[in-house]
Amino acid sequence: MRASVEPPPVKQRALPTPERIRRAGADFDLGDTGQITMRDSPLERARARKLITHQQYSVGQKYRHHWYHAGLADQLQSIDVDRIFAADRTNFSGMAKTEAQVFHRQRYREATQAVGKIGSHVLDWVVCRETPLDQVGYTLGWGSRPQAYAAAVERMKTALDELSKLWGLVR
């Protein structure tokens, strides 16, 4: 029988720094227990500003879920200064490590094919890597900040609508 592990009290958990909270602005929630939930990813902000619907938001979360569980997120690693830099043939970083990763990679691949190159570029950078919308708009070729932001929002909405159709979530 497994003993349930109680989470440590809020005071012992890592909390966002004052700088992080200041940068988030109003985009965080303070719970009754003192727990802080950051809501400042571009997808969360787009939902809070009513730029996307709840359905588009849910589809974006599902896209990010498949991307993350496919093992496509960058790994957090520290530098080993004593390591000899040679080809590491044991990592196989491009291969799926589990059947679950294969499943999520298949769903992710279907999604990227459904939304096309530009749509998948926007979703990968905005939804998965949490790059601000205006910066993604600059990569699309727009020069001014308002145009770049608007272009990225429109491309994101279009891609999320395509995924809604693909996954049968159209109302």
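Residues numbered from 1 in each chain as written. Predicted model: local features only at pLDDT ≥ 70, side-chain atom pairs only at ≥ 80, totals over all residues. Heavy atoms only, no water.

**Digging into the overall build of the protein**
1) Next: The helix and strand tally for the protein stands at six helices and two strands.
2) Next: Sequence-ordered secondary structure for the protein, helices as α and strands as β, is α-β-β-α-α-α-α-α.
3) Next: Residues classed as buried in the protein amount to 29% of the 171 residues present.
4) Next: Here the analysis covers contacts within the protein between residues at least 6 apart in sequence; of these, 51% occur between residues at least 24 apart.
5) Next: By element, 53% of the accessible surface of the protein is carried by carbon and sulfur atoms, the whole surface being about 12200 Å². (Helix = DSSP H or I, 4+ residues; strand = E, 2+ residues; numbered from the N terminus. Buried < 20%, exposed > 50% of the residue type's maximum accessible area, 1.4 Å probe, protein only. Contact = heavy atoms within 4.5 Å. Areas by Shrake-Rupley, 256 points an atom, 1.4 Å probe, with all protein chains shown as cover.)

**A closer look at helix H3 (residues 54-69)**
1) Next: Over its 16 residues, H3 runs 22 Å from end to end, which matches the ideal 22 Å to within 8%, given 1.5 Å per residue.
2) Next: Looking at H3, one finds that the buried residues are Gln-55, Gln-56, Tyr-57, Val-59, Gly-60, Tyr-63, Arg-64, His-66 and Trp-67.
3) Next: In the core, the buried residues of H3 are packed alongside helix H2 (42-48), helix H4 (99-128) and helix H6 (145-166).
4) Next: Of the residues trailing H3, Gly-71 is marked for its positive phi of about 80°. (Expected span 1.5 Å × (residues − 1).)

**Quick word on the packing of aromatic side chains**
1) Next: Using the criterion set out here, one finds one aromatic pair in the structure.
2) Next: Residues Tyr-63 and Tyr-108 carry aromatic rings whose centres are separated by 5.5 Å and whose planes lie at 45° to one another, so their mutual orientation is tilted. On the criterion of sequence distance, the pair formed by Tyr-63 in helix H3 and Tyr-108 in helix H4 is long-range, its members being 45 residues apart.
3) Next: Here Arg-129 stacks its cationic end above the ring of Trp-125, 4.7 Å away from the centre of that ring. (Phe/Tyr/Trp six-rings, centres within 6.5 Å; stacked < 30°, edge-to-face > 60°. Lys NZ or Arg CZ within 6 Å of the ring centre and 35° of its normal.)

**Side note on the packing of H3 against H4**
1) Next: It is the contact of H3 with H4, at a shortest axis distance of 8 Å, that shows an interaxial angle of 120°. What the angle tells us is that H3 and H4 run oblique. Judged by the twist between their axes, the crossing of H3 over H4 is left-handed. Of H4, the residues touching H3 (which contributes Gly-60, Tyr-63, Arg-64, His-65, His-66, Trp-67 and His-69) are Gln-101, Phe-103, His-104, Arg-107, Tyr-108, Ala-111, Thr-112, Ser-120, Leu-123, Asp-124, Val-127 and Cys-128.
2) Next: Considered class by class, the residues forming the contact of H3 with H4 number eight nonpolar, eight polar and three charged. (Axes fitted to C-alpha atoms, helices over the stretch in contact; angles between N-to-C directions. Parallel < 35°, antiparallel > 145°, perpendicular 65-115°, else oblique. Left-handed = near helix turned anticlockwise from the far one by under 90°. Nonpolar A, V, L, I, M, F, W, Y, C, P; charged D, E, K, R; others polar.)

**Examining unusual backbone geometry**
1) Next: Unlike most non-glycine residues, Lys-50 shows phi in positive territory, near 60°.
2) Next: Tracing the sequence through the fold places Lys-50 in the loop between H2 and H3.
3) Next: Residue Lys-50 is classed as exposed on the basis of its relative accessible area of 69%.
4) Next: Positive phi values are uncommon outside glycine, yet Glu-130 reaches one of about 55°.
5) Next: Position of Glu-130 relative to the elements: it lies in the loop between H4 and helix H5 (133-139).
6) Next: Of the residues examined, Glu-130 reaches a relative accessible area of 44% and is grouped as partly exposed.

**Details of H6**
1) Next: For H6, with 22 residues, the first-to-last C-alpha span of 31 Å sits near the 32 Å given by 1.5 Å per residue.
2) Next: Along H6, the residues classified as buried are Ala-148, Ala-151, Ala-152, Val-153, Met-156, Ala-159, Leu-160, Leu-163 and Ser-164.
3) Next: Downstream of H6 by one or two residues, Gly-168 has phi in the positive range, about 70°.

**So, the nonpolar core**
1) Next: If you look at the biggest cluster of nonpolar residues, it comprises 24 residues, and the most contacted ones within it are Ile-52, Tyr-63, Leu-123, Met-156 and Leu-163.
2) Next: Those elements that provide at least two residues to this core are H2, H3, H4, H5 and H6.
3) Next: Sequence-distant contacts of Leu-163, defined by excluding residues within four places in its chain, comprise Val-59, Tyr-63, Ala-111, Val-115 and Leu-123. (Core = buried A, V, L, I, M, F, W, Y, C linked by side-chain atoms within 4.5 Å.)

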